[in-house]
Amino acid sequence: MSSMMYSQYRHIRFDRRGRILTVTMDNPPLNTVSRALHDELSTVFADVARDDEADVVVLTGAGGAFSAGVDLPKLLEATDDKAMRTALLSRAPHIVHSLLGLHKPVIARVNGHAMGLGATLALLCDVVIAADTARIADSHVAVGLAAGDGGALIWPHLIGFARARHYLLTGDPISAGEAEAIGLIYKAVPAERLDETVDAYADRLANGAAMAIQATKQSINMELCRQAIASAEAQIGLEGYTMASDDHREAIIAFIEKRKPVFTGR
């Protein structure tokens with residue numbers, strides 16, 4: 001598959017190094033997931049699956065952030081626009097299904113903070129290597145939303161229900177070092193060593209037995225894929241239910257006004 005096949009993407013960059021394809025979210029300054037980037041994320045992993053020139057994928061963010069999650073001011077538009085909200089929610093399961101179902105191993109290069117959907121994208125990858133300066137949080141509840149974009153699926157699988165419940169119910173951030181210690185991610189490294197560590201890991205996979213590695217990845221993810229197919233739409237539905245809440249609107253307005261939100265439970 002020629003790189004020209006990626007020409008329709010405007011907020012994702014593609015770079016090749018041998019059989020390694022780096023997919024970079026590029027929406028400065030924090031790679032927030034705008035509607036356009038959200039749409040592209042819903043198709044990109046299906047396109048990568050058909051890319052015959054790539055055996056290993058690296059997912060990262062441009063600049064100093066992995067992804068700060070959904071663009072909150074723009075999300076206010078979706079709160080008020082039923083058609084836009086429906087479009088966003090209908091595409092969201094495709095992101096989860098296509099990333100988990102991609103047969104090629106995906107390394108998350110977490111170069112900076114990964115929040116909300118950004119955290120979900122990183123944690124759905126097969127190997128997460130993060131700069132020790134990065135922080136990870138599923139911050140949905142902090143903005144009045146249910147963690148329905150895949151977070152409620154992947155966090156318990158990685159760190160167990162007891163810890164996952166804490167982080168999902170509070171939205172508390174976790175440092176990359178602590179994330180490694182509890183098994184949320186594979187490794188945290190000094191920021192200046194992130195590139196060499198990710199490159200070395202990607203090279204190791206690219207120089208390995210591609211068919212065996214990809215088949216093993218598929219085998220590992222088989223149960224996750226089954227659960228995602230069974231629950232992703234329902235979990236997204238719960239997120240959509242909270243998207244219409246007063247608390248969600250208050251959280252976005254408070255963010256714009258740079259103040260603490262006052263939640264009422266409605």
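Scope of this entry: the structure provided in the associated data block. (Residues numbered from 1 in each chain as written. Predicted model: local features only at pLDDT ≥ 70, side-chain atom pairs only at ≥ 80, totals over all residues. Heavy atoms only, no water.)

**A short note on the overall build of the protein chain**
For clarity, the cut-off: Secondary structure elements are defined from DSSP: runs of H or I of at least 4 residues count as helices, runs of E of at least 2 residues count as strands, and each element is numbered from the N terminus. Taken over C-alpha atoms, the radius of gyration is set against a globule rule of 2.2 Å times the number of residues to the power 0.38. When a residue's accessible area, from a 1.4 Å probe over protein chains only, is under 20% of the maximum for its type it is buried; when over 50% it is exposed; and in between it is partly exposed. Using a 1.4 Å probe, the Shrake-Rupley method yields the accessible areas, and only the shown protein chains count as cover for residues. Only four residue types enter the charge count, namely Lys and Arg as positive and Asp and Glu as negative; His and the chain termini do not. Where a charge lies is defined by one atom per residue type, namely NZ (Lys), CZ (Arg), CG (Asp) and CD (Glu).
Looking only at helices and strands, the protein chain features nine helices and nine strands. Relative to a compact globule of 266 residues, whose C-alpha radius of gyration would be 18 Å, the protein chain shows 18 Å and is just as compact. Classification of the 266 residues of the protein chain by burial places 52% in the buried group. For the protein chain, the exposed area adds up to about 12,100 Å²; of that, 57% sits on carbon and sulfur atoms. Computing the positive centroid from 26 side-chain charges and the negative centroid from 32, the protein chain places the two 2 Å apart.

**Considerations on the packing of aromatic side chains**
Condition: The criterion for an aromatic pair is that two Phe, Tyr or Trp rings (for Trp, the six-membered ring) have centres within 6.5 Å, with stacked assigned to planes under 30 degrees apart, edge-to-face to planes over 60 apart and tilted to the rest.
Within the structure shown, the criterion is met by five aromatic pairs. Plain terms: the ring middles of tyrosine 6 and phenylalanine 14 are 4.0 Å apart, the flat faces sit at 10 degrees to each other, and that makes the pair stacked. Exposure class is identical for tyrosine 6 and phenylalanine 14. Each is buried. Put simply, the rings of Tyr6, Tyr9 and Phe14 touch in pairs and so form one group of aromatic residues.

**Quick notes on the pattern of salt bridges**
Side-chain pairing between opposite charges can occur once the charged atoms of the two side chains come close. Defined as follows: Here, a salt bridge means any side-chain nitrogen of Lys or Arg that lies within 4 Å of a carboxyl oxygen of Asp or Glu.
All chains considered together, the criterion is met by 13 salt bridges. For the salt bridge of arginine 17 with aspartate 199, the shortest nitrogen-to-oxygen distance reads 3.7 Å. Taken as a pair, arginine 17 in strand β1 (residues 12-17) and aspartate 199 in helix α7 (residues 194-206) lie far apart in primary sequence, 182 residues in all. The partly exposed category is assigned to arginine 17, whose relative accessible area is 37%. With its nearest N and O atoms 2.5 Å apart, the salt bridge here joins arginine 50 to aspartate 47. With relative accessibility at 9%, the residue aspartate 47 sits in the buried group. The network of salt bridges with shared partners includes Arg16, Asp51 and Glu53.

**Some remarks on the pairing of strand β6 (residues 127-131)**
The test is simple: We call two strands paired when DSSP finds no fewer than two bridges between them.
Counted residue by residue, β6 has five buried out of five residues, so it is predominantly covered. The two faces of β6 match: Val127, Ile129 and Ala131 on one face and Val128 and Ala130 on the other face are all buried. Bridge analysis of β6 against strand β9 (residues 187-189) gives three bridges, and the strand direction is parallel. Pairing of alanine 131 across the sheet is with valine 189, part of β9.

**So, the sheet that holds strand β3 (residues 56-61)**
The condition that has to hold: The angle between two axes is taken between their N-to-C directions and runs from 0 to 180 degrees, where each axis is a line fitted to C-alpha atoms and a helix contributes only its stretch in contact.
Taking strand neighbours across the sheet as the criterion, the six strands line up as β1-β2-β3-β4-β6-β9 in an open arrangement whose pairing is mixed. Both edges of this open sheet fall to β1 and β9, since each of them pairs with a single strand only. With direction set aside, neighbouring strand axes in the sheet form an average angle of 20 degrees.

**Observations concerning the environment of proline 28**
The topology assignment puts proline 28 in the loop between β2 (20-25) and α1 (35-49). Judged by relative accessible area, which is 62%, proline 28 ranks as exposed. In this structure, the C-alpha to C-alpha distance between proline 28 and isoleucine 252, residues 224 residues apart in sequence, is 20 Å.

**Concerning unusual backbone geometry**
Cis geometry marks the peptide bond from proline 28 to proline 29; its omega dihedral reads 5 degrees. Note on placement: proline 29 falls in the loop between β2 and α1. Even without being glycine, asparagine 31 reaches a positive phi, approximately 55 degrees. Take asparagine 31: its relative accessible area is 0%, and that puts it in the buried class. Notably, lysine 258 is not glycine yet its phi reads approximately 60 degrees, a positive angle. Relative to the assigned elements, lysine 258 resides in the segment after α9 (246-257). By relative accessible area, which is 78% here, lysine 258 ends up exposed.

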